[in-house]
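Overview (structure and organization)
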Amino acid sequence: RFIYHIDFHRKKMYAHGRRIAKKTSFKRIYKEWYAQVAEVKTQPHEIAFGLALGIFLGILPALGLHILFALLIIAIFRVNKVALFIGLALTNPLVTPLIYSASLKIGGLILSTPRIEISFNLITWGYIKHYIKPFLIGNIILATIMGIFSYGITYYLVKYYKNKILSKIRDDKIEENNKKITI
């Protein structure tokens, strides 16, 4: 849990709402922040799983129920809430047309649907009825692939950066101890 509040504009640190009396430099503030980030108990698996589930849910055509599904998943599984909502945010309405058209193309390839034309100008009930099966199959496949892909990338990035931060903290502590010994 983060116990420090850092006022970057005034170069002051606060612990539990009280200002720390000694003057601190930006370097020391960042060292403290890195130490706090590295000591977070969340495992890389939990962060990656949360982001992957968020992307999976965001790709599914839930028609505005994504947040309700996310809250249900948070209640059932042990996932990182922030990562899950970041995953949902990554699949925002700006990328939804790309996701839906890719889902329709993937489903059409799998079901061998003859030439799928994507037209958002002329959407009728007959159009929806004809393309709903390829769309749903393609959407589930796309959501699964993107979820697995994002899990792998996020897991290794979080693990790499956490190890990098921890090794930097260890090196800084060794350096500080060597300076104390030589003085």
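Residues numbered from 1 in each chain as written. Predicted model: local features only at pLDDT ≥ 70, side-chain atom pairs only at ≥ 80, totals over all residues. Heavy atoms only, no water.

The subject of this paragraph is the packing of helix α3 (residues 66-76) against helix α4 (residues 81-90). For the pair α3 and α4, interaxial distance at closest approach is 11 Å and the crossing angle is 155°. Comparing the axis directions of α3 and α4 gives the class roughly antiparallel. Both α3 and α4 take part in a crossing whose hand is right-handed. Mapping the contact onto sequence places H66, I67, A70, L71, I73 and I74 in α3 and K81, L84, F85 and L88 in α4. A per-class count over the contact of α3 with α4 returns 8 nonpolar, 1 polar and 1 charged. (Axes fitted to C-alpha atoms, helices over the stretch in contact; angles between N-to-C directions. Helix = DSSP H or I, 4+ residues; strand = E, 2+ residues; numbered from the N terminus. Parallel < 35°, antiparallel > 145°, perpendicular 65-115°, else oblique. Left-handed = near helix turned anticlockwise from the far one by under 90°. Contact = heavy atoms within 4.5 Å. Nonpolar A, V, L, I, M, F, W, Y, C, P; charged D, E, K, R; others polar.)

This next bit is on the packing of aromatic side chains. With the rule as written, the count across this model stands at 4 aromatic pairs. A ring pair is formed by Y151 and Y155, whose centres lie 6.0 Å apart and whose planes are at 15°; its orientation type is stacked. Here the residue Y151 and the residue Y155 both occupy positions in helix α6 (residues 125-182), the gap between them amounting to 4 residues, near one helical turn. By relative accessible area, which is 27% here, Y151 ends up partly exposed. With a relative accessible area of 21%, Y155 lands in the partly exposed category. Seen in terms of ring centroids, Y155 and Y156 are 5.2 Å apart; in terms of plane orientation they differ by 85°. Their pairing is edge-to-face. An aromatic cluster of at least three residues, connected via ring pairs, comprises Y151, Y155 and Y156. (Phe/Tyr/Trp six-rings, centres within 6.5 Å; stacked < 30°, edge-to-face > 60°. Buried < 20%, exposed > 50% of the residue type's maximum accessible area, 1.4 Å probe, protein only.)

Before going further, it helps to spend a moment on helix α5 (residues 96-111). With 16 residues, α5 should cover 22 Å at 1.5 Å per step; its first-to-last C-alpha distance of 22 Å lies within 8% of that length. If you check which residues of α5 are buried, you get I99, S101, S103, L104, G107 and G108. Directly beyond the C-terminal end of α5, a positive phi value near 55° is found at S112. (Expected span 1.5 Å × (residues − 1).)

By size, the foremost hydrophobic cluster in this structure holds 8 residues: L53, L57, A70, I73, I74, V79, L84 and L88. The set of elements that each furnish at least two residues to this core consists of α2 (44-59), α3 and α4. Considering each element in turn, this core owes the most residues, 3 residues, to α3. Once residues lying within four places of it in the same chain are set aside, the contact partners of I74 are V79, K81, L84 and F85. (Core = buried A, V, L, I, M, F, W, Y, C linked by side-chain atoms within 4.5 Å.)

Another aspect to go through is α4. Since the α-helix advances by 3.6 residues per turn, residues separated by three or four positions end up pointing in the same direction. The set of residues buried in α4 consists of A83, L84, G87 and L88. In an axial view of α4, the angular spread of the buried residues amounts to 140°, which keeps them on one side of the axis. Turned more than 90 degrees away from the buried face of α4 sit K81 and V82, all of them exposed. Those residues of α4 hidden inside the fold are in contact with α2 and α3. (Arc of directions from axis to C-beta.)

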